[in-house]
Structure formats: structure tokens, C-alpha cells
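Listed below are the residues making up each chain.
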Amino acid sequence: MSVTDRIKNNLFRLVLVVAYGVLFALSPQMGLGALKSSGYFIKEMLMIMPIIFVLTALLDLWVPREKIVAYMGKGSGAKGVFLSFALGSISAGPIYAAFPMCIMLHKKGASIRNLVIILSSWAVIKIPMLINEAKFLGPKFMLVRWVLSIISILIFSWLTGKIVKDEDLPQGVLDQAGLHLDQGACMGCGICTRTYPQAFEMAGKKARAKKIQNLDRDRVQEAMEACPVQAIHYREEEKK
């Protein structure tokens, strides 16, 4: 791998290191505080994300695509909107825990609009948060904000659904034939490289699919099922 490729693959880390360096140079106390906060959030993610990945994988395994399309797809209408609000409102955990689940739902046919509703509901109208809001700020404040938030979510989810297309999401490019690994979803666990090393390799901190002939379909399927974030996709060439 060339130096340029290494820089591209680690650009975010480099920017982060430079930002911390500048912060420590300007104010060591502020830099130390930022480092402690980052450590806290990293610890929180390490505790929460493995559970989320397992639950997402189980949902992907248990819930058929036809159900997702029927109840949360583009033609689901009001029931899709209602279910998306319900799913986002009853979910637990920080907002970043919703992203793996949304990847899975979109892969199975959920619409862009319903994904926006889930994420927005998760962020601003979760039931535990509403209960605490009513406790500290009063029921009237909570109710008015809840209603206005729902109206705003409905408007912005509709606009996003018109502007953002399915192919704009990272997994949209995976519809072409062949073996693919969604770089946006990959968490760099390396399970696929151990399951089928002839077809997968690590490139920096993430895995990628090799371009090889005569893939072993059983081992590809094994790698797909083992991936905790369902980032591996395989589609056979259409026969002419």
C-alpha cells in the first residue's frame, strides 16, 4: 500500500491527532479535558456497540425482507411512518447505536424517509427522555415540544426522501454482480479474513474483498453470516 493510500485510509485519525495537538498547545487543561471526554465516549461505545451489532444481526436473520418492504418500504404509507416513530421512540441507547440498525433496514427495503424518522425519533422523542423532560420542565412543555418535533420530523423526512436516493447510500453501489464489502459499514473486526482468507484481506483498519475467480459460495455465505454488521454482499452474474 502506498503512502498516499495510507494517508487516505487514516485521514480522520491524522486530523484528530493534529486537533488534539493544537488544543494541548493552546490550553493543556482544555486538551486534557477533551481527552478524558473522548475516553469516556470510547468506553461507552465499546460497551454498547457489540450488543447493538448482535441485535442487528439477529434482526437481519429473523425478519424477512418482504416484511420490511411491506411495513417500512416506500409503499408502506402511514403504517410505515407510525412504525418508524414507534421504533425510534422505544429504542434505548445513544443515537450512534441506531446507525447499524438503519443500515440493515435499508438493505432489506426500508425507505429513506422512514430511516430519517427512526433516527430523528431516537434522538429527540424517546419515551424515557420525554418522561424526564416532563419531570423537570413540566408536562405542558414536553407535550408542546413533542408535537412540534413530530411535525418537524414529518416535514424533514419527506424532504430527505425526495432529495436523497437509495443509490446515494453506501450500500447502493453493492447492487452490481460480484462480491462486495461495504466500507461504510465495516468495523474492521477481521472475522471475514479469518473465515475466508482467500477472498478477504485487511486494508488498513478495514477489510476488503479480493478480486478472485471461482469463489466458494459456501464459504462466502459463511463469511456473510459471520459478519456482525452484515457488510458483506454477494450477487451472482445474471445469465444471458
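Residues numbered from 1 in each chain as written. Predicted model: local features only at pLDDT ≥ 70, side-chain atom pairs only at ≥ 80, totals over all residues. Heavy atoms only, no water.

Novice: Which residues make up the pairing of strand β3 (residues 206-209), and what are the values?
Specialist: Here four bridges tie strand β2 (residues 200-203) to β3, and the two strands are oriented antiparallel to one another. Of the residues in β3, the one forming a bridge with E201 is R208. Between β2 and β3, which pair antiparallel and follow one another directly, the connecting turn spans two residues, one of which, G204, has a positive phi of 75°. (Pairing = 2+ DSSP bridges. Helix = DSSP H or I, 4+ residues; strand = E, 2+ residues; numbered from the N terminus.)

Novice: Could you give me a rundown of a negative patch on the surface, with the residues and numbers involved?
Specialist: Together, D216, D218, E222 and E225 line one region of the surface with negative charge. With respect to the helices and strands, the residue E225 is situated in helix α11 (residues 217-226). Relative accessible area serves as the criterion here: at 58%, E225 is assigned to the exposed category. (Patch = residues over 30% accessible without salt bridge, like charges linked within 9 Å, V, L, I, M, F, W, Y side chains within 5 Å. Areas by Shrake-Rupley, 256 points an atom, 1.4 Å probe, with all protein chains shown as cover. Salt bridge = Lys/Arg side-chain N within 4 Å of Asp/Glu carboxyl O. Lys, Arg positive; Asp, Glu negative; His and termini not counted. Charge placed at Lys NZ, Arg CZ, Asp CG, Glu CD. Buried < 20%, exposed > 50% of the residue type's maximum accessible area, 1.4 Å probe, protein only.)

Novice: Residue-level account of the side chain of K108, with values.
Specialist: Its place among the elements puts K108 in the loop between α6 (98-107) and α7 (112-124). In this structure K108 touches L59, D60, V63, P64, R65, I68 and V69, once residues within four positions along its chain are discounted. (Contact = heavy atoms within 4.5 Å.)

Novice: So what's going on with the packing of α6 against α7? Residues and values would help.
Specialist: The geometry of α6 relative to α7 is characterised by a closest axis approach of 10 Å and an angle of 160° between their N-to-C directions. When the interaxial angle is binned, α6 and α7 end up roughly antiparallel. Here α6 runs over α7; the crossing is right-handed. Taken together, the residues of α7 that come into contact with α6 (itself represented by A98, F99, M101, C102, L105 and H106) are I112, L115, I118, L119 and W122. Looking at the contact of α6 with α7 residue by residue, the class counts come to 10 nonpolar, one polar and no charged. (Axes fitted to C-alpha atoms, helices over the stretch in contact; angles between N-to-C directions. Parallel < 35°, antiparallel > 145°, perpendicular 65-115°, else oblique. Left-handed = near helix turned anticlockwise from the far one by under 90°. Nonpolar A, V, L, I, M, F, W, Y, C, P; charged D, E, K, R; others polar.)

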